[in-house]
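These are the residues of each chain, in order.
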Amino acid sequence: MPGSAERPLLFLDVDGPLIPFGHPGGYPGDRAVSPSPAGSNPLLTRIDPRHGPRLSALPCDLVWATTWMSDANDVIGPLLGLLELPVVGWPDPEEDDEGPLHWKTRSLVGWAAGRSFVWVDDEIAHADRVWVSAHHRGRALLHRVDPRRGLTHADFRVIDDWLARP
């Protein structure tokens, strides 16, 4: 999906933000998607298909930032009604061992190449925010999602508000 250099990027993780790991009230997407076909990942029933239109409506260019890699386009995208998205490639594990820094952080900053971006993930930590502020010349919102609940209305509100700022 070609995007304008002026539009921010939204790097989107799958496990945690789109496939929640659980909370006492159940999973938001449990009732939204029919049961998994035989042989498919049963966690896919946790995906809330309403997230697709909400993500598509954001004024940014969506990019998969997940270990699902291109499988996100083949499996997750259709459940959300998303067209094919670009996918961030990851370094070999030994190439990006930066202590408390998340292994995705350097790659996302490199991929953004100075463009403003939002990173939605359930594993973002303080070290990532500090590193991005020191090494990325554009605006950045590193938004940590509660992996037990996945993306919520409150998360979308934070992202919407950030994207609305010049």
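It should be emphasised that the depicted structure is a prediction, and the values quoted were computed from it without experimental measurement.

Conventions adopted
Residues numbered from 1 in each chain as written. Predicted model: local features only at pLDDT ≥ 70, side-chain atom pairs only at ≥ 80, totals over all residues. Heavy atoms only, no water. Helix = DSSP H or I, 4+ residues; strand = E, 2+ residues; numbered from the N terminus. Buried < 20%, exposed > 50% of the residue type's maximum accessible area, 1.4 Å probe, protein only. Contact = heavy atoms within 4.5 Å. Areas by Shrake-Rupley, 256 points an atom, 1.4 Å probe, with all protein chains shown as cover. Pairing = 2+ DSSP bridges. Right-handed = clockwise from strand over helix to strand, strands pointing away. Expected span 1.5 Å × (residues − 1). Arc of directions from axis to C-beta. Axes fitted to C-alpha atoms, helices over the stretch in contact; angles between N-to-C directions. Parallel < 35°, antiparallel > 145°, perpendicular 65-115°, else oblique. Left-handed = near helix turned anticlockwise from the far one by under 90°.

## Comments concerning the overall build of the protein chain
A count of helices and strands for the protein chain gives five helices and four strands. Reading the protein chain from its N end, one meets helices and strands in the order β-α-β-α-α-β-α-β-α. Across the 166 residues in the protein chain, those meeting the buried criterion constitute 46%. At a minimum sequence separation of 6, the contacts of the protein chain that also span at least 24 residues come to 61%. Of the accessible surface of the protein chain, which amounts to about 8,400 Å², a share of 55% is contributed by carbon and sulfur atoms.

## With respect to the pairing of strand 4 (residues 140–144)
Judged from the five bridges that link them, strand 3 (residues 117–121) and strand 4 form a sheet pairing that is parallel. Bridged to Trp119 within strand 4 is Leu142. The β-α-β motif built from strand 3, the intervening helix 4 (residues 126–135) and the parallel element strand 4 has right-handed crossover chirality.

## Considerations on helix 3 (residues 105–112)
Those residues of helix 3 not exposed but buried are Thr105, Ser107, Leu108, Val109 and Ala112. Buried-residue contacts for helix 3 involve strand 1 (9–12), strand 3 and helix 4. Immediately beyond the C-terminal end of helix 3, within one or two residues, lies Ala113, with a positive phi of roughly 50°.

## Details of helix 5 (residues 153–164)
With 12 residues, helix 5 extends 16 Å between its outermost C-alpha atoms, agreeing within 8% with the 16 Å of an ideal straight helix rising 1.5 Å per residue. Those residues of helix 5 that fall on the buried side of the exposure criterion are Asp155, Phe156, Ile159, Trp162 and Leu163. Taken around the axis of helix 5, the buried residues stretch over an arc of 130°, which confines them to a single face. Buried positions along helix 5 lie against strand 1, helix 1 (51–57), strand 3 and strand 4.

## Quick notes on the environment of Asp74
When you line up the elements, Asp74 lands in helix 2 (residues 71–80). Accessibility expressed as a relative area gives 57% for Asp74, which makes it exposed. Along the sequence, Asp74 and Glu84 sit 10 residues apart, while their C-alpha atoms lie 8.2 Å from each other.

## Structural notes on unusual backbone geometry
A positive phi angle is found at Met69, which is not glycine, with a value near 50°. When its relative accessible area of 31% is taken as the criterion, Met69 is described as partly exposed.

## With respect to the packing of helix 3 against helix 4
At a minimum axis separation of 10 Å, helix 3 and helix 4 run at an interaxial angle of 30°. Taken together, the axes of helix 3 and helix 4 lie roughly parallel to each other. Helix 4 is crossed by helix 3, and the crossing has right-handed handedness. Of the residues in helix 4, those in contact with Thr105, Arg106 and Val109 of helix 3 are Asp128, Trp131, Val132 and His135.

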